[in-house]
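Below, each chain spelled out in residue letters.
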Amino acid sequence: MSSTDLWPALPPFRTGIRGRCPRCGQGHLFRSFLSLASSCEVCGLDYDFADPADGPAFFVICFACVPSVILGIWIEMAYQAPYWVHLVTTLPFMLLTCIPPLRPLKGWLVASQFFFKAGEGRIDDGRD
């Protein structure tokens, strides 16, 4: 009986954004804000397979930073605001749209790697 028979396939989006183990859905995926735990405390899954690299940061840059920059440019062009206005409007908006999504995105990417059995690229030279 393989380990996949013991655990049902859980959707990566559901487990990942909650920061739960991609195999059992119960254990914690993170030991701190963005640091992965070494393994699941419930099922014992070793998280060494996980390497989301810069994926979460890339998605945040694409989908959160762009609206923040547009807001800053709009405030500047429309009102020619002094720097302190940007400090109390644009900076908090940027921090609130960029930092909170990092953890759920990282969890989703790690859970997706487990679900789809992603691994390092290998060259298939035809030898077994």
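Residues numbered from 1 in each chain as written. Predicted model: local features only at pLDDT ≥ 70, side-chain atom pairs only at ≥ 80, totals over all residues. Heavy atoms only, no water.

**Observations regarding the overall build of the protein**
Link 1 in the chain: Helix and strand content of the protein: six helices and zero strands.
Link 2 in the chain: Along the protein, helices and strands appear, N-terminal first, in the series α-α-α-α-α-α.
Link 3 in the chain: Computed over C-alpha atoms, the radius of gyration of the protein comes to 20 Å, more than 25% over the 14 Å expected from 2.2 N^0.38 for 128 residues, which places it beyond the range of a compact globule.
Link 4 in the chain: Summarising its shape, the C-alpha atoms of the protein cover approximately 65 × 40 × 20 Å along the three principal directions.
Link 5 in the chain: Taking all 128 residues of the protein together, 33% fall into the buried category. (Helix = DSSP H or I, 4+ residues; strand = E, 2+ residues; numbered from the N terminus. Rg over C-alpha atoms; globule rule 2.2 N^0.38 Å. Buried < 20%, exposed > 50% of the residue type's maximum accessible area, 1.4 Å probe, protein only.)

**Observations regarding the packing of helix H3 (residues 55-79) against helix H5 (residues 90-98)**
How two helices sit against one another is set out by the angle between their axes and by the gap between those axes.
Link 1 in the chain: For the pair H3 and H5, the least separation of the axes is 9 Å and the interaxial angle reads 170°. As judged from the angle between their axes, H3 and H5 are roughly antiparallel. Read as a crossing pair, H3 and H5 show a hand that is right-handed. Along its contact with H3, which presents Val-60, Ala-64, Cys-65, Pro-67, Ser-68, Val-69, Leu-71, Gly-72 and Ile-75, the element H5 presents Thr-90, Phe-93, Met-94, Thr-97 and Cys-98.
Link 2 in the chain: A breakdown of the residues in the contact of H3 with H5 according to their chemical character gives 10 nonpolar, four polar and no charged. (Axes fitted to C-alpha atoms, helices over the stretch in contact; angles between N-to-C directions. Parallel < 35°, antiparallel > 145°, perpendicular 65-115°, else oblique. Left-handed = near helix turned anticlockwise from the far one by under 90°. Contact = heavy atoms within 4.5 Å. Nonpolar A, V, L, I, M, F, W, Y, C, P; charged D, E, K, R; others polar.)

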